[in-house]
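# Notes for the structure review
Letter by letter, the chains look like this.
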Amino acid sequence: MANRSRKLTPKSSSQNQSDVGAKKPRLKQKQVGSTNLKKEGGGSIDKTQTQKAISPSKSYKLSSIIAIAILLTGASLVLSATWIGFMLIFKPEQVVWLNNFLPEWAHIPFDHSENPQTIPQIQVSLSQKQQISGETIPLDDEEKSFVLPVLRQRPNCLSNCKEVIELRVYQLENLQYSAQPEKFYRLANSLPITGPEESFAIAPLVDTTSENPDVTNPLPLSEVHRFEAGTPAAGVWLNLRGYRQQENYAIAYGQIVYYNPERTNLQPMLSWTSPSGHIPKWEQVTGSKAKELVIDQTISLEPRLQVYQVKSVNIYLNPIQLEEISLQNPVLKDSSYKSVLLFSRNGLWSPAFEWLTSIKKQRKNSLPAAAQAQLDLIRLHSQITKAQAEKTWASPSQQVLADLIDGRWEKALQVFSASPQNAQEVAILLKADKGRLWRRVVAATQVNPNRTAVQAWGALILTVQQGETKANSWLREQPKISTANLRYIQSLTKQLNPQIDTIDDSESQPDTDD
């Protein structure tokens, strides 16, 4: 009964709160204990609070970077706009590409001094400036655009007195003029023209002329021609040329200009010169789909061909350039390959071609593209020197020269030794040599110093130009030369002794330090 009468009284709310309050701190301390960091003076730092404190710092840095990028971009845009504005005022033809991004009605008239004109009006306008209108060169089949050469009369001139000073691109103007019967054209672009310097034009003849090559007078360009079908890249290739007489050489020289229809831009590509008067032409030298530009600088029997390939570059206005196939830089890390380039640089084209062809076979008929281009350039020269050597010459000296240029040392010795008259002619040839034959001797002895015929021609050249003593001294410096070979070569040089006194000593001597 007593137990039944006992009342179970619930705990008061204050008691509940106190119990909960007593428990919560213990739980909080337990949870926080593993995440608190100690302060230097005691206490702890909440990790969550630390992370919250770091986040605004990172956000501030990111905002700063974005702000700087925006400022730099804005500054670039301002500078670009300023530059474009300057060019629009002073050289509007240089920013003609802006019209590629504008609708036709918004095109900017770059010839701000004139409205669109007919061809007769353009001619009259030029004549008022003491300038001459050349023949127009169409840039498309529909004759919607053309290049106009602008010429002027050279003062104090007796022949070829007109020179090109500017190329202009005109485009058909349809807006506001379509209803008129005449065709009106607007100036779209222009390129000032200055001819190459005289020193450049005569540079290939420096070894064969006595004139001072350090001449800086610009030479006039009198003609403009368009290369016909077969040229690489979409566009029009122009050849500006002129002519100059240098002793017995009728030199042709000029500039190559490319018109890019997508950019409406005239791009000067390179200057060229040809002592033999040959005009550059496009040929397939390397077997690639695109043709290469070949410039012929051959002098007499000495071939020299420059070959240029069209290469793409990341420049908006000038997306292509002409790059010469060079024999200076070895593509392969191979000593034999380097010797091949040494031979070719010194004019031993046929031996170089045979050697490089052998290297290609050893590599399973596979060469890098650059090395293959070098092989094709060497082959092009070798075809010329080989044909010359296989030709029958009336003059013994010309036969010897053709054989030596092609690297046929033994055959040339046979012609030399055939008669005293042959020896006399060859002595005159060797005396007049300005170093091209001597360079071949040096290159050949570097690769194969024990070839008797090469040593013999080195001694013959030195005997004629510097005397027998110098020749004998050079022979004794050659490694592993036998006594028999030394006596044989000296017997050849003695055939020159009676003729040496009759040769003019004014000719230059070879550089034996090569």
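Just so you know, these numbers come straight off a predicted model, no measurement behind them.

## What to know about the sheet that holds strand S13 (residues 292-296)
- Read across the open sheet, the 4 strands follow the order S12-S13-S14-S15; overall the sheet is antiparallel. Across the chains shown, the open sheet's two edge strands, defined by having one partner strand only, are strand S12 (281-283) and strand S15 (320-324). Recorded for the sheet is a direction-independent mean angle of 35° between the axes of neighbouring strands.

## Side note on the nonpolar core
- Val400, Trp409, Phe416, Leu430, Val441, Trp457 and Leu460 are the most contacted members of the largest nonpolar core, which totals 63 residues.
- The greatest single-element share of this core, amounting to 9 residues, is contributed by helix H13 (residues 452-466).
- Each residue touching Leu430, except ones within four places of it in the same chain, is listed here: Leu437, Trp457, Leu460, Ile461, Val464 and Gln465.

## A short note on helix H4 (residues 119-127)
- When we look at burial in H4, the residues that qualify are Ile122, Ser125 and Leu126. What you see down the axis of H4 is that its buried residues fit within an arc of 95°, all on one side.
- The elements touched by buried residues of H4 are strand S3 (132-133), strand S5 (145-153) and strand S6 (162-172).

## Overview of the side chain of Gln478
- Among the secondary structure elements, Gln478 is positioned in the loop between helix H14 (468-477) and helix H15 (483-494).
- A polar atom in the side chain of Gln478 sits 3.1 Å from the backbone oxygen of Trp474.

## Comments concerning the environment of Phe416
- Structurally, Phe416 can be placed in helix H10 (residues 409-417).
- You can call Phe416 buried: its relative accessible area is 0%.
- A sequence separation of 10 residues divides Phe416 from Val426, and the C-alpha atoms of the two residues are 6.7 Å apart.
- Excluding its chain neighbours within four sequence positions, the residues that come into contact with Phe416 are Val400, Asn422, Ala423, Val426, Trp457, Leu460, Leu492, Gln495 and Leu496.

## A word on the sheet that holds strand S11 (residues 265-274)
- The 4 strands are arranged S8-S9-S10-S11 in an open sheet whose pairing can be described as antiparallel. Each of the sheet's edge strands pairs with one partner strand only, and the pair in question is strand S8 (223-226) and S11. The sheet shows a mean angle of 25° between the axes of neighbouring strands, direction not considered.

## Some words on a nonpolar patch on the surface
- Together, Leu62, Ile66 and Ile70 give the surface a local cluster of nonpolar side chains, amounting to about 300 Å² of exposed area.
- By the secondary structure assignment, Ile70 is in helix H3 (residues 47-90).

## Comments concerning the state of the cysteines
- Tallied over the full model, the rule gives 1 disulfide.
- Residue Cys157 pairs covalently with Cys161 via a disulfide, S to S 2.3 Å. Residues Cys157 and Cys161 are joined through a disulfide that is left-handed, its torsion about the S-S bond being -95°.
- Its relative accessible area of 14% is what places Cys161 among the buried residues.

## Describing unusual backbone geometry
- Of note in the backbone geometry, Glu247 takes a positive phi value of approximately 55° without being a glycine.
- Along the chain, Glu247 falls in the loop between strand S9 (236-246) and strand S10 (249-260).
- Classification of Glu247 as partly exposed rests on a relative accessible area of 41%.
- One non-glycine residue, Lys364, adopts positive backbone phi at about 60°.
- With respect to the helices and strands, the residue Lys364 is situated in the loop between helix H7 (349-362) and helix H8 (369-390).

What counts and how
- Residues numbered from 1 in each chain as written.
- Predicted model: local features only at pLDDT ≥ 70, side-chain atom pairs only at ≥ 80, totals over all residues.
- Heavy atoms only, no water.
- Pairing = 2+ DSSP bridges.
- Helix = DSSP H or I, 4+ residues; strand = E, 2+ residues; numbered from the N terminus.
- Axes fitted to C-alpha atoms, helices over the stretch in contact; angles between N-to-C directions.
- Core = buried A, V, L, I, M, F, W, Y, C linked by side-chain atoms within 4.5 Å.
- Buried < 20%, exposed > 50% of the residue type's maximum accessible area, 1.4 Å probe, protein only.
- Contact = heavy atoms within 4.5 Å.
- Arc of directions from axis to C-beta.
- Polar contact = N/O pair within 3.5 Å; in protein donor to acceptor, adjacent residues only side chain to side chain.
- Patch = residues over 30% accessible without salt bridge, like charges linked within 9 Å, V, L, I, M, F, W, Y side chains within 5 Å.
- Areas by Shrake-Rupley, 256 points an atom, 1.4 Å probe, with all protein chains shown as cover.
- Salt bridge = Lys/Arg side-chain N within 4 Å of Asp/Glu carboxyl O.
- Disulfide = S-S within 2.5 Å.

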